[in-house]
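Reading the structure
If you want the building blocks of each chain, they are given just below.
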Amino acid sequence: MSTSAEAQIVYSNIFDGGAITLNGTSPTVAKNIAGGSGSAHWICTLTNGVDGTILADGTVATNAGCALLPFTPRAGCIYLMTASLTVPAGMGNWVAMGFSQNAGQTNNPGYARFTDTPNGYAWSSARTGSNDQLFGGPKTQVGATPLINALPGAGTYTLEIVLNTLGIKWTAAAYVNGIVTGTNVIGGTQIGTNIVYGTTPNIGFAGIGQTTFANLSTTGIQWNYWSLSVTQVPNLTNSYWVAPTAIGSGDGSSAANAASYRTASFWTGVQSQLNGVQVIVNFVNGTYNAGNLVLADMGDPLHRLTLQAANRYGAILSPSSNDILELTGTQNIGLDGFVFTGKTPYWGILCQPDIWQPTRNLGISNCKFQDLTNAYYGAIGLLNGTRDVTFNNCTFTNLGYGTSGTAHFIYGSHDIVGVQVLNSSFADCRADYVRFRDDSEYCTISNCTFLSTISATTFPFITSPLFNSIDPGPGDEFFGTYFQITSNSFAYNVSAGIRAALQFSDTGYDPQGYDCALTPTQASQLSNGSTSFKQSFLQTNLGIIASGIKMFGNTFNSRVSYHVAYTYNYSSSATGAPQNGWTGTIDISDVPDASGALLASPMLRNADFDRIGLLKMPVDSSTPNECLFRTWLCNPKYASILWHPGFNGTSNAMLFNKTGSQSIYQWIGHPATQWTMDCLFAIGSGFTGSGVKFKIDLFHNDITGGKISVGVDNLGRFGIYNGGSFTVLPQLGMVTFSVDNNGNSYYNDPGDTLNVYRLRLVGDYSSDTPQLNIYASDANSMELNHQVLGLTDWVNDAPVSGQSTPSTVAFYNYTAPVVLDQVAFSAGLGEQPPIIQQISTSGSNFIFSGTNGFPGDTYYLMSSTNLTSGLWTMKATNIMDTNGNFSVTNSILPGTLQQFYRLQLQ
């Protein structure tokens, strides 16, 4: 294959060191590209505790083993491993190079080589006057035909291995004394035939090795250099085909050889491609009714997976049992041109997380959802934190059964964020058409048509409902409050039911902190009050912020009773629930903001834990892993997450229960390649066990688990994980543990000792080598006076330069009472100084304003009359707003000496 892409060095090593083990030394060149690591060190596998297999000067010892560098190949690449090797005549035992699954250790002599514990893949052996061979692996499995006398006698030879990951089936080939041009090996001698992998090899390392030379001389064996380079094919898209049943060879390589759409191995192969290329899976014409298609933990944050009908509306998905399509823990997936229909009893498409892994960044375009007459739940289920889903040019018609069904066209339930429904049509649903339930918000519906033609479908078109009728109270569901409903058409052709374009509703108990169950007096006030009164009333009593609802450019026919309504219905299942004497519907059509764009969703919601409404009761089984604090998720579920008084002016802080090991997490919105995260924390002394007590993970790849991981251990030391090891970072100082003197689980009572620390992580994934800077304070100080810079310690895989972004943030305790507060997340590098953009005067006031600060940072305006004196006086102090902007006013009296000003952050 030829390509115009340029080859890049991942690793290279010139063996110019001394007669010491290579173990622990750095290669000459190491980069964070295509599966390599810029912080890599050689790892020599051990045999009998001896690690001198290969020495830094390129000579070899007598014992068996490998010298390996961490490496995970990506799809869409051609890798070339090249080495220069000098060997003596009659070298009966072999040296080798290639790839392996791990860097295994063993105490058995003659092991820890490619044939044994490391589980070699795509590796070749070399010896003089004897057969050389390429092995596909693991170990010596899948061997190519040996080549006799590849190294006929003493001399210096060039060895090459080409690992090709472009196709769904990877290949490997090996050569001796070939001439390498671009990605093609020209001339030379090929060792056997190509290895073709049926499944993707499990490669985690690359390097060189040997068998045992015990009782034999190694004189004359010399590695001169070794390198691994890559050619990445830009914007590559691989296409495959599926059908209702397998066609031809069934390998999915073409329409004539389409795979069966439910073949698990086919989808495993597709997933293996996504870490390097985009993939399109074409569904040929036909009715897909053999069963539901389940895609779990699939996708890649950087490479799109598109499922599309080969001919629009030619692929009809219509199984009669279970859901039609289930997307669990998936991301960056598109659906295009399908028809979903038939007697599925549950969902057309079900989207939900897999605990940590969200379902996010989905695009559903040009699809029809029609005649799903048995669906109990809906055409689309967006559940439990699913976020950033866009529907475009879709058609929804005739959903549900009977006269008062339960199914919805789009059902967003529990913490749904960033749903956009665009240019689509909805007609005849036997329940409310589009639902955004329980803290679901920042959603848009624009340029759509909504139509009800029969009395069985006269339900509100768009709803934000709460169902607080299950728990004994208070309720565990809350209104989301940011929506854009613009340029849509709403029409009822019959008169029945509550006919509303947008309806907020509750049944049963009040959520904690609010009064959704109105008294008759309150209902009258809300119904008859002015617009400003209604807006204030809704925010105070229901948590609905009217300015966050953008509703304009819509048209309504005469049968639309309410443009916007609030409804309270007492549910008979909520025995003893306070209905306060009123049920009914109130017109609040004048409440929304009639102009402006939807407020952009924040990177984190409720990051300071102060959003009104704690989940006082354990949530019911249908909801996600909701935390005590709104919009946060936790593991294990809610019950053992605790409350603590907040720090530095906040009302609430989150307390991990010292009796367990817990975590809370949230999926990050609108991530950026340059970012800053900030938090306050304290660790109580009442913990058990050793090891890490508090940890923060920031994932950049939810599918592979690629992340940074920072923690504090039982000795109060900061550290960072790299794979399975915890490296102490003494530059960050030490944590002194807080003391709960009276044992009431709070650390702010008289006699208690509370030590609060500020921690800041600053990631720059836009640089050639993605890196992390960490800053920490001393106890009870906001000044970040400790730092460690330029870290490249990643767990599982490194960020991709210029592309990767943080996607999930998680906080953990390990049998320690950790208190967490004021988490902040922002795009940009929080270590950079703010920028003064404007200086103006107003009367005797001197006004400074600017941006580029970090939200919540304290800043000080300092002044001096003499730049050379070093004496500065603080004139004002404040904090950066939520966008990192600042404005400060300083009064200047007539006759005041000339002043010089500066902005100080700490």
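For the structure, see preceding data.
All of these numbers come straight from a predicted model, not from anything done at the bench.

1. Thoughts on the environment of Gln 666
Inspection of the secondary structure assignment puts Gln 666 in strand E52 (residues 661-667). Look at Gln 666 and you get buried, because its relative accessible area is 6%. Residues Gln 666 and Thr 457 lie 209 residues apart in sequence; the distance between their C-alpha atoms is 37 Å. Not counting residues within four places of it along the chain, the set of residues in contact with Gln 666 comprises Leu 604, Arg 605, Thr 631, Trp 632, Ser 807, Thr 808 and Val 809. One polar contact links the side chain of Gln 666 to the main-chain amide nitrogen of Arg 605, over a distance of 2.6 Å.

2. Focus: the sheet that holds strand E38 (residues 434-437)
Within the open sheet, the ten strands sit side by side as E23-E26-E29-E32-E35-E38-E41-E44-E47-E48. Their pairing is mixed. In this open sheet, the two edge strands, each paired with only one partner strand, are strand E23 (293-296) and strand E48 (584-587). Along the sheet, successive strands turn relative to each other by an average axial angle of 15°, direction set aside.

3. Side note on a nonpolar patch on the surface
On the surface, a cluster of nonpolar side chains totalling about 400 Å² of accessible area is made up of Tyr 346, Tyr 376, Tyr 377 and Tyr 401. Mapped onto the elements of the fold, Tyr 377 is located in the loop between strand E31 (368-372) and strand E32 (378-383).

4. With respect to helix H1 (residues 264-273)
For H1, the set of buried residues is Phe 266, Trp 267, Gly 269, Val 270, Ser 272 and Gln 273. If you follow the buried residues of H1, they end up packed against strand E19 (237-243), strand E20 (259-260), strand E21 (278-283), E23 and strand E24 (305-309).

5. Observations concerning the sheet that holds strand E51 (residues 652-655)
If you trace the seven strands from one edge of the open sheet to the other, you get E50-E51-E62-E53-E58-E59-E60, paired in antiparallel fashion. Edge positions in the sheet fall to strand E50 (642-645) and strand E60 (786-791), since each has one partner strand and no second. Pairwise comparison of adjacent strand axes, ignoring direction, gives a mean angle of 25° for this sheet. Both E50 and E51 contribute to a ladder of four bridges, which runs antiparallel. When the bridges of E51 are listed, Trp 643 appears paired with Met 654.

6. Structural notes on the pattern of salt bridges
For the structure on display, the rule yields 17 salt bridges. For the salt bridge of Asp 388 with Arg 360, the shortest nitrogen-to-oxygen distance reads 3.7 Å. Taken together, the positions of Asp 388 in strand E33 (residues 387-392) and Arg 360 in strand E30 (residues 360-365) put the pair 28 residues apart, joining distant regions of the chain.

7. Re unusual backbone geometry
A cis amide bond, omega 0°, links Gly 137 with the succeeding residue Pro 138. Mapping Pro 138 onto the fold places it in the loop between strand E9 (134-135) and strand E10 (147-148). Phi at His 670 takes a positive value of approximately 50°, unusual for a residue other than glycine. Note on placement: His 670 falls in the loop between E52 and strand E53 (674-683).

8. What to know about empty space enclosed by the protein
Inspection of every chain in the model, using the stated rule, returns three cavities of 30 Å³ or more. In this structure, the largest cavity encloses a volume near 130 Å³. Surrounding the largest cavity, 13 residues form its lining, Arg 387, Val 417, Arg 605, Gln 666 and Trp 667 being those nearest its centre. A per-class count over the lining of the largest cavity returns six nonpolar, four polar and three charged. Its boundaries defined by the atoms lining it, the second largest cavity holds a volume of some 80 Å³. Lining the second largest cavity, in full, are Tyr 261, Phe 283, Tyr 288, Gly 291, Leu 293, Leu 307, Leu 317, Pro 319, Ile 324, Leu 325, Leu 335 and Phe 338.

9. Notes on the environment of Asn 289
For Asn 289, the position within the fold is in the loop between strand E22 (286-288) and E23. Not counting residues up to four positions away in its chain, the partners in contact with Asn 289 are Tyr 261, Ser 318 and Pro 319.

10. Quick word on the packing of helix H2 (residues 520-528) against helix H3 (residues 531-541)
At a minimum axis separation of 8 Å, H2 and H3 run at an interaxial angle of 135°. The angle between H2 and H3 falls in the class oblique. Facing H2, whose interface residues are Gln 522, Gln 525, Leu 526 and Ser 527, H3 presents Phe 533, Lys 534, Phe 537, Leu 538 and Asn 541. Grouping the amino acids of the contact of H2 with H3 by side-chain chemistry returns four nonpolar, four polar and one charged.

11. Quick notes on the packing of aromatic side chains
Under the definition given, this model contains 55 aromatic pairs. Judged by centre distance (5.7 Å) and plane angle (80°), the rings of Phe 479 and Phe 504 are edge-to-face. Within this pair, whereas Phe 479 is found in the loop between strand E41 (462-468) and strand E42 (483-486), its partner Phe 504 is found in strand E44 (residues 500-508), the two being separated by 25 residues in sequence. Over the ring of Tyr 313 we find Lys 368; its NZ or CZ atom is 4.4 Å from the centre of that ring.

12. Let's talk about H3
Among the residues of H3, Lys 534, Phe 537, Leu 538 and Asn 541 are the ones counted as buried. The buried side chains of H3 occupy one side of the element, clustering within an arc of 95° when seen end-on. Looking at the buried positions of H3, the neighbouring elements they touch are H2 and E48. Positive backbone phi, approximately 80°, marks Gly 543, located one or two places after H3.

13. What to know about the pairing of strand E34 (residues 395-399)
Here E31 runs beside E34; their pairing, made up of four bridges, is parallel. Among the inter-strand pairings, Gln 370 is bridged to a residue of E34, identified as Thr 397. Relative to strand E37 (residues 425-429), E34 is paired through four bridges, and the arrangement is parallel. Its bridge partner being in E37, Leu 399 is matched across the sheet by Cys 429.

Basis of the calculations
- Residues numbered from 1 in each chain as written.
- Predicted model: local features only at pLDDT ≥ 70, side-chain atom pairs only at ≥ 80, totals over all residues.
- Heavy atoms only, no water.
- Helix = DSSP H or I, 4+ residues; strand = E, 2+ residues; numbered from the N terminus.
- Buried < 20%, exposed > 50% of the residue type's maximum accessible area, 1.4 Å probe, protein only.
- Contact = heavy atoms within 4.5 Å.
- Polar contact = N/O pair within 3.5 Å; in protein donor to acceptor, adjacent residues only side chain to side chain.
- Pairing = 2+ DSSP bridges.
- Axes fitted to C-alpha atoms, helices over the stretch in contact; angles between N-to-C directions.
- Patch = residues over 30% accessible without salt bridge, like charges linked within 9 Å, V, L, I, M, F, W, Y side chains within 5 Å.
- Areas by Shrake-Rupley, 256 points an atom, 1.4 Å probe, with all protein chains shown as cover.
- Salt bridge = Lys/Arg side-chain N within 4 Å of Asp/Glu carboxyl O.
- 1 Å grid on protein atoms, 1.4 Å probe; cavity = no way out; pocket = protein on both sides within 12 Å on 5 of 7 lines; lining within 4 Å.
- Points joined across faces, edges and corners; volume = space filled by probe spheres on them.
- Nonpolar A, V, L, I, M, F, W, Y, C, P; charged D, E, K, R; others polar.
- Parallel < 35°, antiparallel > 145°, perpendicular 65-115°, else oblique.
- Phe/Tyr/Trp six-rings, centres within 6.5 Å; stacked < 30°, edge-to-face > 60°.
- Lys NZ or Arg CZ within 6 Å of the ring centre and 35° of its normal.
- Arc of directions from axis to C-beta.

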